[in-house]
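# Structural description and commentary
Okay, here's what each chain looks like letter by letter:
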Amino acid sequence: MTHALCALVAICHREFLRFLGQKGRLVSALVRPLVWLLVFAAGFRAALGLSITPPYQTYIPYETYIVPGLVGMVVLFNGMQTSLSLVADREVGTMRLLLSAPLPRWWLLLCKLTAGALIGTLQAYAFLMIAALFGIGFAPLAYLAALPAILAAALMLGALGLALSSTIHQMENFAGVMNFVIFPMFFLSTALYPLWKMAESAQILHALCAANPFSHAIETIRFALYLQANAGAGAVVLVSFVVFFALALWGYDPARGLIRRKS
Amino acid sequence: MSLQIRDLTQNWGQKRALDGVGFTLEAGEFCALLGPNGAGKSTLFGLLTRLFTPKQGHISIAGHDLSRAPDKALASLGVVFQQPTLDLDLTVWRNLLYFAGLHGIKGAAARTAARRALEQLGMGERADEKARDLNGGHRRRLEIARALLHRPRVLLLDEPTVGLDAATRHALVSHVHALARERGITVLWATHLTDEVAAEDRLIVLHQGRILRDGPAGMTGAQLSDAFLALTRKAVP
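Definitions and cut-offs
- Per chain, residues are indexed from 1 in the order of the written sequence.
- Following the order in which they are written, the chains are lettered starting with A and the ligands numbered starting with 1.
- Where totals are concerned, whole chains, interfaces and linings use all residues; where local detail is concerned, this predicted model gives features only for residues with pLDDT of at least 70, and gives and counts side-chain atom pairs only at 80 or more.
- Hydrogens are left out, water is left out, and the side-chain values use all remaining heavy atoms of the structure.
- UniProt positions are given in the numbering used here, feature names are shortened, and annotations may be inferred rather than shown by experiment.
- It only takes one pair of heavy atoms within 4.5 Å for two residues to be counted as in contact.
- The buried area of a pairing is the accessible area, by a 1.4 Å probe, that goes missing from both parts when the two are put together, added over both.
- Every case where a carboxyl oxygen of Asp or Glu lies within 4 Å of a side-chain nitrogen of Lys or Arg is listed as a salt bridge.
- Asp, Glu, Lys and Arg are counted as charged, while Ala, Val, Leu, Ile, Met, Phe, Trp, Tyr, Cys and Pro are counted as nonpolar; the rest, among them Gly, fall into the polar class.
- Numbering of helices and strands runs from the N terminus, with a helix taken as a DSSP run of H or I at least four residues long and a strand as a DSSP run of E at least two residues long.
- At least two bridges found by DSSP between two strands are what make those strands a pair.
- Axis definition: a line fit to C-alpha positions, over the contact stretch in the case of helices; interaxial angles, taken between N-to-C directions, run 0 to 180 degrees.
- We call a residue buried when its accessible area falls under 20% of the maximum for its residue type, exposed when it is over 50%, and partly exposed in between, using a 1.4 Å probe and counting protein chains only.
- Each residue after the first adds 1.5 Å to the expected span of a helix.
- N or O atoms closer than or at 3.5 Å make up a polar contact, with two conditions inside protein: a donor-capable atom paired with an acceptor-capable one, and, for residues adjacent in sequence, both atoms drawn from side chains.
- For every domain, the bounds stem from an assignment made automatically or drawn from a database.
- Per residue, pLDDT measures the predictor's confidence, with a range of 0 to 100.
- Two rings belonging to Phe, Tyr or Trp (six-membered ring only in the last case) form a pair when the distance between their centres is within 6.5 Å. Interplanar angles under 30 degrees mark stacking, angles over 60 mark edge-to-face geometry, and anything in between is tilted.
- Two limits define a charge over a ring: the Lys NZ or Arg CZ must be within 6 Å of the ring centre, and within 35 degrees of the ring normal.

Identification of chain B as Putative ABC transporter ATP-binding protein YbhF from Aquimixticola soesokkakensis is taken from an unreviewed UniProt entry. The UniProt entry for chain B carries the following comment under Sequence similarities (unreviewed entry): "Belongs to the ABC transporter superfamily."

An unreviewed UniProt entry lists chain A under the name Transport permease protein, with Aquimixticola soesokkakensis given as the organism. On record in UniProt, under Sequence similarities (unreviewed entry), the comment for chain A is "Belongs to the ABC-2 integral membrane protein family."

### Here's the deal with the interface of chain B and chain A
At the junction of the two partners, chain B supplies 32 residues and chain A supplies 34 residues. Buried area between chain B and chain A, summed over both chains or domains, comes out near 3,000 Å², and the portion from carbon and sulfur atoms is 61%. Joining chain B to chain A, the criterion identifies three salt bridges. Among the salt bridges present, the one from B:Asp87 reaches A:Arg14, with a minimum N-O distance of 2.6 Å. Tallied by class, the residues present in the side of chain B that touches chain A amount to 13 nonpolar, 10 polar and nine charged.

### Brief notes about the UniProt feature "domain: ABC transporter" (unreviewed entry) in chain B
Per the UniProt record, "domain: ABC transporter" (unreviewed entry) is found at residues 3-233 of chain B. As annotated, residues 3-233 of chain B has a helix share of 36% and a strand share of 27%, and its two end C-alpha atoms lie 29 Å apart.

### A short note on the sheet that holds strand β5 (residues 64-65) of chain B
Strands belonging to one sheet form pairs held by backbone hydrogen bonds; the direction of such a pair is parallel or antiparallel. All names here are of chain B. Taking strand neighbours across the sheet as the criterion, the four strands line up as β2-β1-β4-β5 in an open arrangement whose pairing is antiparallel. Edge positions in the sheet fall to β2 (15-25) and β5, since each of these pairs with one other strand and no more. In this sheet, β5 lies alongside strand β4 (residues 56-61) in antiparallel orientation, the contact comprising two bridges. For Ile61, the partnering residue across the bridge sits in β5 and is His64. Sheet strands in contact with helix α1 (residues 41-48) are β1 (3-12), β2 and β4, and its direction is about 115 degrees off that of β1.

### Regarding the environment of A:Glu219
All names here are of chain A. Mapped onto the elements, Glu219 comes out in helix α11 (residues 213-225). The class for Glu219 is buried, based on a relative accessible area of 14%. Setting aside residues no more than four positions away along its own chain, Glu219 makes contact with Thr190, Asn230 and Ala233.

### Observations concerning the pattern of salt bridges
In a structure, side chains of opposite charge can pair up when their charged atoms sit close to one another. What the rule picks out here adds up to 19 salt bridges over all chains. With its nearest N and O atoms 2.7 Å apart, the salt bridge here joins A:Glu15 to A:Lys112. Note that A:Glu15 is positioned in helix α1 (residues 3-21) and A:Lys112 in helix α5 (residues 105-133), a separation of 97 residues in sequence. The burial state of A:Glu15 is the same as that of A:Lys112; both residues are buried. Note that B:Glu159 and B:Lys41 form a salt bridge whose closest N and O atoms lie 3.1 Å from each other. With a gap of 118 residues between them, B:Glu159 in the loop between β7 (154-158) and α6 (166-183) and B:Lys41 in helix α1 connect regions that are remote in the sequence. Each member of the pair, B:Glu159 as well as B:Lys41, is classed as buried.

### Comments concerning the UniProt feature "transmembrane region" (unreviewed entry) in chain A
Residue and element names in this part refer to chain A. As recorded in UniProt, the feature "transmembrane region" (unreviewed entry) lies at residues 34-53, 65-88, 109-136, 142-164, 176-196 and 231-252. Secondary structure over residues 65-88 splits into 100% helix and 0% strand, and the C-alpha atoms at its two ends are 36 Å apart. The span residues 109-136 is 89% helical and 0% strand by assignment, and the distance between its end C-alpha atoms comes to 36 Å.

### Some words on α6(B)
Residue and element names in this part refer to chain B. The end-to-end C-alpha distance of α6, which contains 18 residues, comes to 25 Å, matching closely the 26 Å that a straight helix rising 1.5 Å per residue would cover. For α6, the set of buried residues is Thr168, Arg169, Leu172, Val173, Val176, His177, Ala178, Leu179 and Ala180. Looking at the packing, one finds that the buried side of α6 touches β3 (30-34), α5 (136-148), β7 and β8 (186-191). Looking at where α6 begins, the residue whose side-chain oxygen comes 3.2 Å from the main-chain nitrogen of Ala167 is Asp165.

### Focus on the pairing of β3(B)
Residues and elements named next belong to chain B. A large share of β3 lies buried, amounting to five of its five residues. Side chains Phe30, Ala32 and Leu34 of β3 all project onto a buried face; the interleaved residues Cys31 and Leu33 project onto the opposite face, where all are buried too. Relative to β8, β3 runs parallel, the two being bridged by five bridges. Bridge pairing in β8 links Leu33 to Ala190. Of the strand pairs in this sheet, β3 and strand β9 (residues 202-207) are connected by four bridges, and their pairing is parallel. Residue pairing in the sheet places Leu33 in a bridge with Ile204 of β9.

### Regarding the domain arrangement of chain B
Residues and elements named next belong to chain B. Taken domain by domain, chain B comprises domain 1 (3-76 + 152-235) and domain 2 (87-151). In this structure, domain 1 and domain 2 have C-alpha centres spaced 24 Å apart. With 17 residues of domain 1 at the contact, the number on the domain 2 side is 12 residues. Of the roughly 1,100 Å² buried where domain 1 meets domain 2, counting both sides, 68% is carbon and sulfur surface. Taken together, the links from domain 1 to domain 2 amount to zero salt bridges. Put simply, the parts of the chain that give the side of domain 1 that touches domain 2 at least two residues each are α2 (70-75), β7 and α6. For the side of domain 1 that touches domain 2, the leading source of residues is α6, giving six residues. Split by residue class, the side of domain 1 that touches domain 2 holds 11 nonpolar, two polar and four charged.

### Details of the confidence of the model for chain B
For chain B, per-residue confidence averages 89 on the pLDDT scale, and residues scoring 70 or more make up 98% of the total. By mean pLDDT, the top-scoring element of chain B is helix α3 (residues 92-102) of chain B (95), and the lowest-scoring one is helix α7 (residues 221-235) of chain B (77).

### Side note on the packing of aromatic side chains
Inspection of every chain in the model, using the stated rule, returns 12 aromatic pairs over all chains. Arranged with centres 6.3 Å apart and planes meeting at 50 degrees, the rings of A:Phe186 and A:Phe214 form a pair that is tilted. With A:Phe186 in helix α8 (residues 182-187) and A:Phe214 in helix α11, the pair connects residues that are 28 residues apart, well separated along the chain. A single burial state applies to A:Phe186 and to A:Phe214, both of which are buried. Pairing B:Phe30 with B:Trp189 gives two aromatic rings, centres 6.0 Å apart and planes at 35 degrees, and the pair type is tilted. Taken together, the residues span a long stretch of sequence, with B:Phe30 in strand β3 and B:Trp189 in strand β8 at a distance of 159 residues. Joined through ring pairs, the aromatic side chains of A:Trp36, A:Phe183, A:Phe186, A:Phe187 and A:Phe214 make up one cluster. A cation over a ring is seen here: A:Arg14 above B:Tyr98, with NZ or CZ 5.3 Å from the ring centre. Over the ring of A:Tyr65 we find A:Arg222, and its NZ or CZ is 3.9 Å from the ring centre.

Rendered as structure tokens:
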């Protein structure tokens, strides 16, 4: 194993150990979408009529429609949690240890990102399993087909979190920033309602939903769960990942002196 | 030479944190970097560990240029930061293995290096304890053990005794002196406490980003303290 891979394994191992030690994190990661699935969806199924829209070929219950969106919600919150843990790492000093390791900084940040994305993916599958227990299941192969889509979404949202964390200097500032990221990103997406539904309300909302990379992440997952590929949405996710990661690298560039004396 | 710094200059906004700092340390040399709070010690350590890069100047660690070959230079460096950098939720053992992984040491080699590092610092029996459960002195010892795990040629310690009691401070200072003497490790020990400096140490006094004195300490205790205060007072503009 090369030095770079060795570091990747060490960083992933550390993140998994920390994740296992934070019992409440998995519970809250699952309870949040389950509340939406079991309470919100039950309440709104009568109010929100859905017409047939790809990848669906027939009318579907609202609960079925929102499952891919809730998978997206799991990885979205996990991405922001990764960002929060980066800010915490910087405050307690463990970030210094990581960034002074003898490896390129971009690789160290990618390792950190990958570790967070793998944990997010794990949480997403735990949610899909519970959803299946409530009768909202998919074809066995669909779970495998969704893996790259979920992982790509987790990486993209993790990269966004990483870029954001480079701009946040104190934990206290984090909640405010998150409110301006998580909620608009989630509600201005196809997680809870299809694009055409937004168009009925306002064209500007429809445009924002269509431009939101999170919508594309959800659609990539949605199509994969029905064993179909949405190449356009997938491409947007990958390009967004590259852009967010480039911003994160710029944010953590040693020439910019982000990790300063007291930060 | 193990550590070479030339003409290092760094600004934070309008404030000049380091102003043309330069010195060279040989293998096995123990150098005390003495300076009051805000002298620029932590900025210098940030530059030496490449947390940020200098606006001007040159750093070479174990013969490797930090800007051109950062990986090789950083691989030769062991660091104890002023701020604790342990993962408090992991055990002592896992903290060491995590660090070993970051330095490309894996499997049996990592376990051997971790065991050796713990034994050298007399912490073998604490391997399974969570870092959170260690007292301040043991946390610092663990950080020193970790910094030595990959057998670096240069060891940087940024005010490592802050918050420790007198006995623990004395033990740490003695141990690191022994590392320089017996294992030929070059040590740069930043402090603002004159009682951590031995007469035979190399002494660099840093104040307001500039080196005021560089040479053998030649004195200790109250005499050194008086000399240090006189030097830094005189330099106040």
